[in-house]
Amino acid sequence: MRIILVTGPGGAGRTTLAAATALAEARAGRRVLLVSEDAAPSGGDEKLRVLRPQPGPDFRREFLALQARSAAALDLLGAAPFEDAELTELPGSRPFALLRAVRDAAEGDHDLAVVDLPPLPEALALLALPAQLRRYLRRLLPPERQAARALRPMLAQLAGVPMPAQWLYETTARWEAELAAVQAVVEAPATTVRLVVEPGPDATRALRTARLGLAVQRLALDAVVANRVLPATSEDPWLAGLAAEQHRHLAELRTATGGLYELPHLGRAPRGAEDLVLLAPARPEAAPAPAAEWAVEDRREEDGVLVWHIPLPGAVKEELSLVRRGDELLLTVGAFRRAVLLPGALRRCTVTGAGLVEGDLRVRFTPDPGLWPRTP
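Being a predicted model, the structure only gives us computed values, none of them experimental.

Chemist: Pulling in residues and values, what's your account of the pairing of strand β9 (residues 305-311)?
Modeler: In terms of burial, β9 is largely enclosed, as seven of its seven residues are buried. Burial of the side chains of β9 extends over both faces: Val305, Val307, His309 and Pro311 are buried on one face and Leu306, Trp308 and Ile310 on the other. In this structure, strand β8 (residues 295-299) lies alongside β9, joined through five bridges in antiparallel fashion. Bridge pairing links Glu297 to Val307 in β9.

Chemist: Could you give me a rundown of empty space enclosed by the protein, with the residues and numbers involved?
Modeler: Evaluated as defined, the whole model comprises one cavity of 30 Å³ or more. One number sums up the size of the largest cavity: a volume of about 50 Å³. Around the largest cavity sit Leu127, Pro130, Ala131, Gln183, Val186, Glu187, Gln217 and Leu219, which together line it. Residue assignment for the lining of the largest cavity shows that the elements contributing at least two residues are α5 (120-140) and α7 (166-186). Looking at the lining of the largest cavity, the element that brings in the most residues is α5, giving three residues. Partitioning the lining of the largest cavity into residue classes produces five nonpolar, two polar and one charged.

Chemist: Lay out the sheet that holds β8 with the relevant residues and their values.
Modeler: Overall, antiparallel pairing links the four strands, which are arranged β8-β9-β14-β13 in an open sheet. Sheet topology places β8 and β13 (349-357) at the edges, where each strand pairs with a single neighbour. Strand-to-strand, the axes of this sheet are offset by a mean angle of 25°, without reference to chain direction.

Chemist: Describe in detail the environment of Ala125, supporting the description with residues and values.
Modeler: Turning to its location among the elements, Ala125 is positioned in helix α5. Along the sequence, Ala125 and Phe336 sit 211 residues apart, while their C-alpha atoms lie 8.8 Å from each other.

Chemist: Residue-level account of the side chain of Gln217, with values.
Modeler: If you trace the backbone, Gln217 turns up in the loop between α8 (203-216) and β6 (221-229). Judged by its relative accessible area of 8%, Gln217 falls in the buried class. Beyond its immediate sequence surroundings of up to four residues, Gln217 is in contact with Ala128, Arg337 and Arg338.

Chemist: Provide a residue-level description of the pattern of salt bridges, including the pertinent values.
Modeler: Under the criterion given, the structure shown has 28 salt bridges. The residue Arg103 makes a salt bridge to Asp104 at a minimum N-O spacing of 3.3 Å. Arg103 gets classed as buried once you look at its relative accessible area, which sits at 17%. Residue Arg228 is joined to Glu198 by a salt bridge in which the shortest nitrogen-to-oxygen separation is 2.8 Å. With Arg228 in strand β6 and Glu198 in the loop between β5 (191-197) and α8, this pair connects stretches of sequence that are 30 residues apart. For Arg228, a relative accessible area of 26% gives the class partly exposed. Salt bridges here are not isolated pairs; linked through shared partners, they connect Asp58, Arg61, Glu62, Arg100, Arg103, Asp104, Arg174 and Glu178.

Chemist: Which residues make up the layout of surface pockets, and what values do they have?
Modeler: As a volume, the largest pocket reaches approximately 730 Å³. What lines the largest pocket is a set of 25 residues, among which Arg135, Glu328, Arg338, Ala339 and Val340 lie closest to the centre. Broken down by secondary-structure element, the contributors of at least two residues to the lining of the largest pocket are α5, β10 (320-325), β11 (328-333) and β12 (336-341). Of the residues forming the lining of the largest pocket, the biggest block, eight residues, is contributed by α5. A per-class count over the lining of the largest pocket returns ten nonpolar, five polar and ten charged.

Chemist: I'd love a proper account of the packing of aromatic side chains, names of residues and values included.
Modeler: Summed over all chains, the structure comprises four aromatic pairs. Taking 5.9 Å as the distance between ring centres and 35° as the angle between the ring planes, the aromatic pair formed by Phe59 and Phe63 counts as tilted. With Phe59 and Phe63 both in helix α2 (residues 55-69) and four residues apart, this pair spans about one turn of that helix. With a relative accessible area of 15%, Phe59 lands in the buried category. The interplanar angle of 70° and the centroid separation of 5.8 Å between the aromatic rings of Trp294 and Trp308 together place this pair among those described as edge-to-face.

Chemist: So what's going on with the packing of α8 against helix α9 (residues 237-257)? Which residues, and what values?
Modeler: At a minimum axis distance of 9 Å, the contact between α8 and α9 shows a crossing angle of 25°. What the angle tells us is that α8 and α9 run roughly parallel. For α8 against α9, the interelement crossing comes out right-handed. Residues Ala203, Thr204, Leu207 and Arg211 of α8 lie in contact with α9, whose contacting residues are Glu252, Leu253, Ala256 and Thr257.

Calculation rules
- Residues numbered from 1 in each chain as written.
- Predicted model: local features only at pLDDT ≥ 70, side-chain atom pairs only at ≥ 80, totals over all residues.
- Heavy atoms only, no water.
- Buried < 20%, exposed > 50% of the residue type's maximum accessible area, 1.4 Å probe, protein only.
- Helix = DSSP H or I, 4+ residues; strand = E, 2+ residues; numbered from the N terminus.
- Pairing = 2+ DSSP bridges.
- 1 Å grid on protein atoms, 1.4 Å probe; cavity = no way out; pocket = protein on both sides within 12 Å on 5 of 7 lines; lining within 4 Å.
- Points joined across faces, edges and corners; volume = space filled by probe spheres on them.
- Nonpolar A, V, L, I, M, F, W, Y, C, P; charged D, E, K, R; others polar.
- Axes fitted to C-alpha atoms, helices over the stretch in contact; angles between N-to-C directions.
- Contact = heavy atoms within 4.5 Å.
- Salt bridge = Lys/Arg side-chain N within 4 Å of Asp/Glu carboxyl O.
- Phe/Tyr/Trp six-rings, centres within 6.5 Å; stacked < 30°, edge-to-face > 60°.
- Parallel < 35°, antiparallel > 145°, perpendicular 65-115°, else oblique.
- Left-handed = near helix turned anticlockwise from the far one by under 90°.

Okay, structure coming up:
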């Protein structure tokens, strides 16, 4: 099943485009699920189903489940438990509800799921969240510590403090499993991101931000959609000038993308299902290209190094930072940061240099004689 994640700058029309794409695909005979908090009506098409994330109920369910698992500890503290009716969602609960909805969408029996993501900056942070949280959980509560459960009473006596309760490890394991499931969906080859922009001064900047942010997360950009395109010719001087400026920005987008979808301005806000169909991008003839591979090039014979190629389209040297920490490479590119686990061969090497060549970050690793296997 394909999953299309739709985002773009605020006000560019991403929610309208997500609904239009879902409706057009359903009318073409595919079973489609639209995930959106502001979902449009289905247009009477039985092949289109709408799933609305529910941050409030989702937060209450998770909070009450956590409270039930920690009931013994709360009793010792004399804490009064909360009831469902008195709980209100906390800030930050909406991204988790949306991620769970994405996971649920992948488990359905649909041909296609279209997900209306938040505006571009929030969307990029949302897509990076599962991997980031899994890393934090592994560092703070490593799974291997659970093997010491039988020693916990003795360790508590020696340390003079109580050791973490079993429910903490069980909760962590459950969160790890849920986050892993969401991350698998986000990073699956069949999941792509579609960017919606309105031609203007900020469109090219938004495209660069999207490409770079997605590349850091190893995600693919499915397509770029230019929305609300004005007619190229008009007898009205004011409208003609506005259209001419917009088409200059369209030319920049075409050059930057090598091709994009262009959707017309209807002259009004979309009114119902028939207008939505007019705003659906044409179905691509070929499958979307996967995210560029982070390949390791073996140049030991020529230069005595291994080169890790990390594609970062639009990156500039001044915004780039690399730090080796154990078996991880901490990569910072502008506003984006990610801790990447090194491939097995590179963990036995030392970093000896890096260079950025036309969007290709080339990190050089020299084998460590003490760790590299010796040839007979």
